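Each chain, letter by letter, is given below.
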Amino acid sequence: MARNTVQFQKGLSEAAFEDCYGTEEKCRAAVMASRWPNGFECPACGGRAHSEVKTRGLFQCSACRHQTSLIAGTIFASTHLPLRLWFRAMYHLTQSKQGISSVELGRRLGVKQFTAWKMKHKLGQVMMERDACKRLTGRVEMDDAYVGGERTGGKRGRGAPGKTPFVAAVETTADGKPVRLKLRRVISFCNHAISGFARTSLDPKCEVVSDGLACFGAVTDAGCKHQAIKTGSGSAAARTPAFKWVNTALGNIKAAIVGTYRAIHEKHVPRYLAEFEYRFNRRYDLAAMLPRLTWAAVRTPPMPFRLLKLADVYA
Ligand SMILES: [Zn+2]
């Protein structure tokens, strides 16, 4: 990728982060402003008049007497960690291009790896739910890809055992500049899966280009136009200009997985993909990513650990 405005933007410096989110009080204020931009609003009745039970950090609605905390009903619900650490986690997750492993996150936050892992997955959930219903439109480059499985020795390429298949799709402008990315785990590369992907992720007006893999023709089920371009295989395929951006995105994802994450369990693949997708789709404004993620986090319902562990609940 050429030197461009994405790579050389400033992002949110550590000093600026400290200024905005350096204390528990500042983080509480940031959550408050995100969750209730016009002041407290009772989650039960919508009333605004309230009192504060300062000793317990609770708000009590004057109309219905319902008591709530600042973080009840949000992804941060029932956390034992200070919000200051959650903001630090969001900072590292959004400002590093390649993402951050739970080992590294734990080290930076000074918490156990397992704690960091849970934080990361909850925030990954926020990212996933936020982008789930946004469809790509216009020209779309599409490709098949895999994560995980045998790193060395095993069978390579399509259909290798232990690999999790996913669809990568990049919306571009008419002259081929990348706009948005979608990464979705699929059961396999069959017509049924691609048809399902297209119905939920693509606008019917999309013009999809893909290689010759037969299942991609199923995007027409969702009303999209489809053009298959025969590419040959290997490096010849990677150089095909029609797939420049989907290949670039997949190259970045593979580099990040190798460099950052040692192994990704199949059931967590959707949240990892959501992280990449979220960062890519907001790459023009790194500094705004943190307030935007805060906004989404306070609107994402709590996620108990038993759900976090489950395989396919949010797939
Ligand atoms: Zn109320």
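About the cut-offs
- Residues numbered from 1 in each chain as written.
- Predicted model: local features only at pLDDT ≥ 70, side-chain atom pairs only at ≥ 80, totals over all residues.
- Heavy atoms only, no water.
- Helix = DSSP H or I, 4+ residues; strand = E, 2+ residues; numbered from the N terminus.
- Buried < 20%, exposed > 50% of the residue type's maximum accessible area, 1.4 Å probe, protein only.
- Contact = heavy atoms within 4.5 Å.
- Donors = N, O, S within 2.8 Å, 3.2 Å for Na, K, Ca; no water.
- Tetrahedral: all angles 85-135°; square planar, octahedral: opposite > 155°, others 65-115°.
- Pairing = 2+ DSSP bridges.
- Axes fitted to C-alpha atoms, helices over the stretch in contact; angles between N-to-C directions.
- Polar contact = N/O pair within 3.5 Å; in protein donor to acceptor, adjacent residues only side chain to side chain.
- Core = buried A, V, L, I, M, F, W, Y, C linked by side-chain atoms within 4.5 Å.
- Left-handed = near helix turned anticlockwise from the far one by under 90°.
- Nonpolar A, V, L, I, M, F, W, Y, C, P; charged D, E, K, R; others polar.
- Salt bridge = Lys/Arg side-chain N within 4 Å of Asp/Glu carboxyl O.

Chemist: For this particular structure, what's the right way to read the overall build of the protein chain?
Modeler: Counting its secondary structure elements, the protein chain contains eleven helices and eight strands. Per-residue burial over the protein chain gives 48% buried out of 315 residues. Across the protein chain, contacts joining residues at least 24 apart in sequence account for 61% of those joining residues at least 6 apart.

Chemist: Can you walk me through the coordination of the zinc ion in this structure?
Modeler: Put simply, the ideal angle at a metal is 109.5 degrees for four donors in tetrahedral geometry and 90 or 180 degrees for six donors in octahedral geometry. Around the zinc ion, the donor atoms from the protein are Cys42 (SG), Cys45 (SG), Cys61 (SG) and Cys64 (SG), and they sit 2.3 to 2.4 Å away. One can describe the donor arrangement at the zinc ion as tetrahedral, given that its four donor atoms subtend angles of 101 to 115° at the metal. The sequence motif formed by the donor residues of the zinc ion is C-x2-C-x15-C-x2-C. Here cysteine 42, found in the loop between α2 (24-35) and β1 (50-53), pairs with cysteine 61, found in strand β2 (residues 58-61); they are 19 residues apart in sequence, far enough to count as distant.

Chemist: I keep staring at the sheet that holds strand β7 (residues 207-210) and nothing clicks. Help me out?
Modeler: Pairing between the strands of a sheet comes from backbone hydrogen bonds, and it takes one of two forms, parallel or antiparallel. As summarised here, the arrangement of the five strands in space is β6-β5-β4-β7-β8, forming an open sheet in which the pairing is mixed. Taken across any chain shown, the strands that pair with only one partner, and hence form the sheet edges, are β6 (178-185) and β8 (225-228). This sheet shows a mean twist of 25° between the axes of neighbouring strands, independent of strand direction. Summarising the sheet, strand β5 (residues 164-172) and β6 pair through seven bridges and their orientation is antiparallel.

Chemist: Explain the environment of tyrosine 91 here, please?
Modeler: Mapped onto the elements, tyrosine 91 comes out in helix α3 (residues 83-95). As a C-alpha pair, tyrosine 91 and tyrosine 21 span 70 residues in sequence and 9.7 Å in three-dimensional space. Within polar-contact distance, the side chain of tyrosine 91 engages the backbone oxygen of leucine 12 at 2.8 Å.

Chemist: Would you mind showing me how to read the nonpolar core here?
Modeler: Proteins that are soluble and globular tend to have nonpolar side chains buried together. Counting 41 residues, the largest nonpolar core has Tyr21, Phe76, Leu83, Phe87 and Leu290 as its most contacted members. For this core, the secondary-structure elements that each account for two or more residues are α1 (14-21), α2, β2, α3, α4 (102-109), α5 (113-131) and α10 (286-297). Looking at which element gives the most residues to this core, the answer is α3, with eight residues. Not counting residues within four places of it along the chain, the set of residues in contact with phenylalanine 87 comprises Phe17, Tyr21, Cys27, Ala30, Val31, Leu290 and Thr294. Formed by 25 residues, the second largest nonpolar core is a distinct cluster that contains Ala168, Trp245, Ile257 and Leu273.

Chemist: Help me understand the packing of α3 against α5, please; the structure alone is not making it clear to me.
Modeler: For any two helices packed against each other, one specifies the crossing angle of their axes together with the interaxial distance. Two elements in contact, α3 and α5, have axes separated by 11 Å at closest approach and are oriented at 65°. Considering how the two elements wind past one another, α3 and α5 form a crossing that is right-handed. Within the contact between the two elements, α3 uses Leu85, Trp86, Ala89, Met90, Leu93 and Thr94 and α5 uses Met119, Lys120, Lys122, Leu123 and Met127. Residue classes in the contact of α3 with α5 are distributed as eight nonpolar, one polar and two charged.

Chemist: What am I meant to see in the pattern of salt bridges here?
Modeler: When charged atoms on two side chains of opposite charge get close, those side chains can pair. For the structure on display, the rule yields twelve salt bridges. A salt bridge links glutamate 18 to arginine 88, with the shortest nitrogen-to-oxygen separation between them at 2.1 Å. Residue glutamate 18 is found in helix α1, and its partner arginine 88 is found in helix α3; the two are separated by 70 residues along the sequence. Exposure remark for glutamate 18: the relative accessible area of 35% places this residue in the partly exposed category. Measuring nitrogen to oxygen at the nearest pair gives 3.4 Å for the salt bridge that ties glutamate 41 to arginine 48. Taking the relative accessible area as the measure of exposure, arginine 48 reaches 41% and is therefore partly exposed.

Chemist: Sorry if this is basic, but what is going on with the pairing of strand β4 (residues 139-147) here?
Modeler: Within a regular beta strand, the side chains point alternately toward one face of the sheet and then the other, so they alternate between its two faces. Where burial is concerned, most of β4 is hidden: eight out of the nine residues are buried. Relative to β5, β4 runs antiparallel, the two sharing nine bridges. Considered in β5, the bridge of tyrosine 146 is made with proline 165. Summarising the sheet, β4 and β7 pair through three bridges and their orientation is parallel.

Chemist: Hey, could you run me through the sheet that holds strand β3 (residues 67-69) in this one?
Modeler: If you walk across this open sheet you meet the three strands as β1-β2-β3, and the pairing is antiparallel. Since the sheet does not close on itself, it has two edges, and those belong to β1 and β3, each with one partner. Direction aside, neighbouring strands of the sheet carry axes that sit 30° apart on average. The sheet contact formed by β2 and β3 spans three bridges and is antiparallel. Paired with glutamine 60 across the two strands is glutamine 67, which belongs to β3.

It is worth stressing that arrangement in space is one thing and function is another; only the former is reported here.
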